[in-house]
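Observations on the model geometry
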Amino acid sequence: MAQRASSTSRSSRAQKKSADPAANQASAQVVRDLHERMVRIRLFETEAGKLMEAGKLPGFLHLYVGQEAVAAGVMAALRDDDQITSTHRGHGHAVAKGVSFRHMYAELYGRVTGACLGRGGSMHINDLSLGMLGANGIVGAGVPIAVGAAFAAQYKGEDSVAVTFFGDGATNIGAFHEGANMAAILRLPVLFICENNGYAEFTPQSKHMLITDVADRAAAYGMPSVIVDGMDAAAVHQAAAEAVARARAGEGPMMIEAKTYRFYDHQGVKGLRHPYRSDEEVAEWKTRDPIDLLEARALADGTATRAELDDTWQRTRDEIAEAIAYAEASPLPDTADLLLNVYSG
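Described below are features of the structure shown in this document. None of these values were measured; they are calculated from a predicted model.

1. Remarks on the overall build of the protein chain
- Broken down by element type, the protein chain carries twelve helices and eight strands.
- The globule rule puts the C-alpha radius of gyration for 345 residues at 20 Å, and the 20 Å found for the protein chain is close to it.
- Each of the three principal axes of the protein chain carries a C-alpha extent, and together these read 60 × 50 × 45 Å.
- Counting the 345 residues in the protein chain, one finds 50% classified as buried.
- By element, 55% of the accessible surface of the protein chain is carried by carbon and sulfur atoms, the whole surface being about 15,600 Å².
- Counting 34 positive and 43 negative side-chain charges, the protein chain places the averaged centre of each group 2 Å from the other.

2. Concerning the pairing of strand β4 (residues 190-196)
- Extensive coverage of β4 is indicated by the burial of seven of its seven residues.
- Across the two faces of β4 the burial is the same, with Val190, Phe192, Cys194 and Asn196 and Leu191, Ile193 and Glu195 all buried.
- As paired elements, strand β3 (residues 162-167) and β4 share six bridges and run parallel to each other. Residue pairing in the sheet places valine 163 in a bridge with leucine 191 of β4.
- As a crossover connection, the stretch from β3 through helix α7 (residues 174-185) into β4 is right-handed.

3. What to know about the pairing of β3
- Within β3, five of the six residues are buried, which leaves it mostly tucked inside the rest of the structure.
- As defined by bridge partners, strand β2 (residues 83-85) adjoins β3 across three bridges and the pair is classed as parallel. Counted as the bridge partner of glutamine 83 is alanine 162 from β3.

4. Topic: the packing of helix α11 (residues 290-301) against helix α12 (residues 306-329)
- Where α11 contacts α12, the two axes come as close as 10 Å, and the packing angle between them is 150 degrees. Taken together, the axes of α11 and α12 are roughly antiparallel relative to one another. Contact residues: α11 offers Ile291, Glu295 and Leu299, while α12 offers Arg306, Leu309 and Trp313.
- Residue composition of the contact of α11 with α12, by class: four nonpolar, no polar and two charged.

Conventions we followed
- Residues numbered from 1 in each chain as written.
- Predicted model: local features only at pLDDT ≥ 70, side-chain atom pairs only at ≥ 80, totals over all residues.
- Heavy atoms only, no water.
- Helix = DSSP H or I, 4+ residues; strand = E, 2+ residues; numbered from the N terminus.
- Rg over C-alpha atoms; globule rule 2.2 N^0.38 Å.
- Buried < 20%, exposed > 50% of the residue type's maximum accessible area, 1.4 Å probe, protein only.
- Areas by Shrake-Rupley, 256 points an atom, 1.4 Å probe, with all protein chains shown as cover.
- Lys, Arg positive; Asp, Glu negative; His and termini not counted.
- Charge placed at Lys NZ, Arg CZ, Asp CG, Glu CD.
- Pairing = 2+ DSSP bridges.
- Right-handed = clockwise from strand over helix to strand, strands pointing away.
- Axes fitted to C-alpha atoms, helices over the stretch in contact; angles between N-to-C directions.
- Parallel < 35°, antiparallel > 145°, perpendicular 65-115°, else oblique.
- Contact = heavy atoms within 4.5 Å.
- Nonpolar A, V, L, I, M, F, W, Y, C, P; charged D, E, K, R; others polar.

Structure follows, in structure tokens:
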């Protein structure tokens, strides 16, 4: 069975370390890092949602709002040379990995200055220079890509790790099981991060699987797993840091199931208003907003001041405004370049 991260044991360990100034400073740096990554995701997504609802962006957006603690917690535990694969709900992963606002908004606008030259759109943003191997519109399709990246790192004798993000529904897909089995048998340095927001699009977890904890599936492949509170960025970060260290040491893959929740519908802000979840359920989860939780903790323990937190929000708003203006001023693709990068020379 999956190991469940204990908030009590985490608290005890934190108290034992409180007498160490260096440890306290490191902890404060991590908290500020987590906060900034989450704020950047939240504001990027909020503004992108507004642009979509206003008809300024082509296609649909699958917003990550509510799940910020997962991307922030995992990415803060990675190095620049570590690689990730993402999902159709992948903006948060890209932002947390460091893809620029300019390139992301330009991609959403379909402009040539976008991360994928305006060709990928919302569901296929990548930046290979940052180890962002791409979001993917096919459910579960990122799993074998990350497993392949981990195999390559192991083969070349490198100590980088690969991370694949997916939802609860993706664990019903064959690619997940094939990837998990290969990773386990070859002891590959790859992390399987299940962002369990309770729904596979509009289908509750209880309607598409009989188990309560998706992490239990890891045991079938001899892979260890842990369940964490996906609304607690610090808890996610601790679990990810331990799993990353384990993978770098050659101890093989691990699965982390983060119990989280998306605040918006499956797509967009207003969505399709399917009656698959109640307003009361959404409101209850919003009382555990991951950014609010981290800010409250930081203010209570003196890790950050209100002014410092507010400064992060304002700096990010300013950067986003500039990035949107940049995207809107960028040119659309030229039809003469239609076949560019489609066929190899």
